[in-house]
Amino acid sequence: MSVRVRVRVRLTVRALLVAVPLAALAGCAAPTPWVKPYEREHFADPIMSFNRDPVSSVYLDHVFESREGARGATGSVGGGCGCN
Amino acid sequence: MQLRAGGSGVHGGSGRALSPFTRTLLALGIAVAPALAGVLPEDRADVMWHVYKGGDITIQGPSVLVRKKVGDNLSLSANYYEDMISSASIDVKLSASPYHETRKQESLAADYLHGKSTYSAGFITSKEPDYKANTEYFAVSQDMFGDLTTLTLGYRRGWDQVYRDIKAPQGFIENDPTFHERADHRGYSLSLSQILTRNAILGFNYELLTDQGYLANPYRKIRFLSPGQGAGFTLADQVYPNTRTSSSASVQLKYYLPYRAALTGQYRFFHDTWGITAHTAQIDYTHPVRKHLILDGSFRYYHQGPADFYSDLFPRANYQNFMARDRELAAFNSYTVGAGASWLFAMPFVPALGKNSINLRVDHLMIDYSDFRNALLAGTYGAGNEPLYKLNANIFQVFVSIWF
Amino acid sequence: MKSRIATLAAALAIAIALPVLADSAGGRTPAPQFTLTARGGRDVSLAQYRGQVVMINFWASWCGPCRQEMPLLESIYKRYNKLGFALLGVNVEPDSKAADEWLKDTRVSFPILYDKDSKVSKLYEVAGMPCTVIIDRSGKLRVLHRGYKPGDENEYLDSIRSLIRE
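Quick caveat, the model's predicted, so the values are computed rather than measured.

**Concerning the packing of helix 2 (residues 64–80) of chain C against helix 5 (residues 152–165) of chain C**
All names here are of chain C.
Phase 1: Across the interface, helix 2 lies against helix 5 with an axial gap of 11 Å and an inter-helix angle of 20 degrees. Judged by the inter-axis angle, helix 2 sits roughly parallel to helix 5. Handedness of the crossing formed by helix 2 with helix 5: right-handed. Taken together, the residues of helix 5 that come into contact with helix 2 (itself represented by L72, I76 and Y80) are E153, Y156, L157, I160 and I164.
Phase 2: By residue class, the composition of the contact of helix 2 with helix 5 is 7 nonpolar, no polar and 1 charged.

**Things to note about the pairing of strand 13 (residues 200–213) of chain B**
Every other side chain in a regular strand lies on the same face of the sheet, so the side chains alternate between the two faces.
All names here are of chain B.
Phase 1: The pairing of strand 12 (residues 181–195) with strand 13 spans 13 bridges and is classified as antiparallel. Within strand 13, the position partnered with G187 by the bridge is L209.
Phase 2: The antiparallel hairpin formed by strand 12 and strand 13 contains 4 residues in its connecting segment.

**Let's talk about helix 5 of chain C**
Residues and elements named next belong to chain C.
Phase 1: The end-to-end C-alpha distance of helix 5 is 21 Å, a good match for the 20 Å that 14 residues give at a rise of 1.5 Å each.
Phase 2: Taken together, the buried positions of helix 5 are occupied by Y156, I160 and L163. Viewed end-on, helix 5 has its buried residues packed into an arc of 70 degrees, placing them on one side of the element. Those residues of helix 5 that are exposed and angled more than 90 degrees off the buried face are N154, D158 and R165.
Phase 3: Those residues of helix 5 hidden inside the fold are in contact with strand 3 (53–59), helix 2, strand 4 (85–91), strand 6 (131–135) and strand 7 (141–146).

**Observations regarding unusual backbone geometry**
Phase 1: Cis geometry marks the peptide bond from M129 of chain C to P130 of chain C, where omega comes out at -10 degrees.
Phase 2: Relative to the elements of secondary structure, P130 of chain C occurs in the loop between helix 4 (119–123) and strand 6.
Phase 3: For D147 of chain B, which is not glycine, the phi torsion reads 65 degrees and is therefore positive.
Phase 4: When you line up the elements, D147 of chain B lands in the loop between strand 8 (131–144) and strand 9 (149–162).
Phase 5: Backbone geometry places R260 of chain B, a non-glycine residue, at a positive phi of 70 degrees.
Phase 6: Note that R260 of chain B resides in the loop between strand 16 (243–257) and strand 17 (261–272).

Conventions adopted
- Residues numbered from 1 in each chain as written.
- Chains lettered and ligands numbered in written order.
- Predicted model: local features only at pLDDT ≥ 70, side-chain atom pairs only at ≥ 80, totals over all residues.
- Axes fitted to C-alpha atoms, helices over the stretch in contact; angles between N-to-C directions.
- Helix = DSSP H or I, 4+ residues; strand = E, 2+ residues; numbered from the N terminus.
- Parallel < 35°, antiparallel > 145°, perpendicular 65-115°, else oblique.
- Left-handed = near helix turned anticlockwise from the far one by under 90°.
- Contact = placed C-beta atoms within 7 Å.
- Nonpolar A, V, L, I, M, F, W, Y, C, P; charged D, E, K, R; others polar.
- Pairing = 2+ DSSP bridges.
- Expected span 1.5 Å × (residues − 1).
- Buried ≥ 20, exposed ≤ 12 C-beta atoms within 10 Å, placed from the backbone.
- Arc of directions from axis to C-beta.

Such coordinate-based values are descriptive only and should not be taken to indicate function.
Structure below.
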């Protein structure tokens, strides 16, 4: 094999090494959800909400922060029910 | 976005017995973002009356929240909150400062849903005679990985006007015309919520906050040892740094118990450039009883190490560059036990709206200070030997929630 | 240098094109067959509806958008049922108590099937709630629609009308 052909092969192989993972990525989205949407009924239950009564949790946070030095990171995001 | 109380709190003492750094913090109006990405929150209205009784003061007032969808993609919410305070706390009694009676706070927020993202923006304004605080915030919330994960990024900015109340010669209280300061704040937050199993969900929050400007309290004083003078100590003005940066990170785990109940555990770590380190741990249990009653119980433990420039009694005048005696910066342990009950009912003529509720909640707060003493008793015990201060307070909440 | 870029570009183009080609080559897989117990106790299988356009709606009583969508599905069913259209509401809850409670207040005339062990949900790879699938007269899967937003019912109507005409 001539030097030119060898270089060509090497470059093509390298290009494919880049392209194939890209192709694979194009096909796959992310780790498949291990809790299926139809298995998330508990997270739709209000007792499983991180913030069931906002007026109450906001008020209690305010009471504590007025008397303490620490602040922040008290909010939490709730779980999605998988709807939409 | 759920709005945390912004503006300065009158809690912990009257007038601004609340170190304004606390007020500035509250002025920040911390925004709590539920995982809105994907579904907008439901329309609701909540009307509450809150009461705080402890440490010789009573603070009470209403809080009203209304949330309504406009079209299919937008949810608006508004909140009105008031603190009305009576009587004087230990701090006010010591410095004999005047105190005002009411703080009013209003806020408005909008959440816009687009596909799997929710964009939120809000504004909070708090007014009391000697402190005006404004906060604006923005957040983006995104569902990912099959909606098991929700990521939220938030930014907020606050700007405050600080005044000082004095007693006019005629006897009434007015703003000191020679005193007008500013405080500015910025906050960056990151939240993650992750469904772990069919029964468990994890939450993680990180928040970076910075303050600049006048962060002190124009009423509170420090004291230094002065044997032979007065009660053995002399009061002097406090000196605060004019910047503060703090970092806090928290984890929450919520678990669904098979007989239909929920158990929550939380931990938060806090540290700032003033040298304060704090740990918060909390456990909550929610137990529905049959169809119409939900019971809640909780226990919260909080431990704080003091700020670098805090001391209950400095050895002499001008001991160091920065000096404070605000008990919010002291070393202490705090315990809170709480219980709540919600009675669910359906609105007449409206089918299947069984989520409306009448709620009652009681919390008992105990703070054991390790290095803050009751200076009012210096005459009996001697300056520096007074008993350590202990705070006991009861907090009551009554509220009605309607879904429509 | 030029040939290197050209090769890389070609490889990338193939990489991007492959998935697209795969999609358009043929999306007409036959709809998986199943038999489930319906409200009222009798067994219902997909095979019974061969020759009609069938819409399967996977729903749960705890899912807000699902509840929002149901009355609209009922009106679509009433309109097109006589023209060779069938609608099956597959409830995915392991315990059907809550669903039956809710159905007492929201009457639907199309069959409600109970997929208590998620057998059919897995077969159809339900990846969002609600999930709507439309099958043509020859039993092939033609439309897969995840979630529900107000306005989606118009998409359903377009698909149903064109499939009925086939």
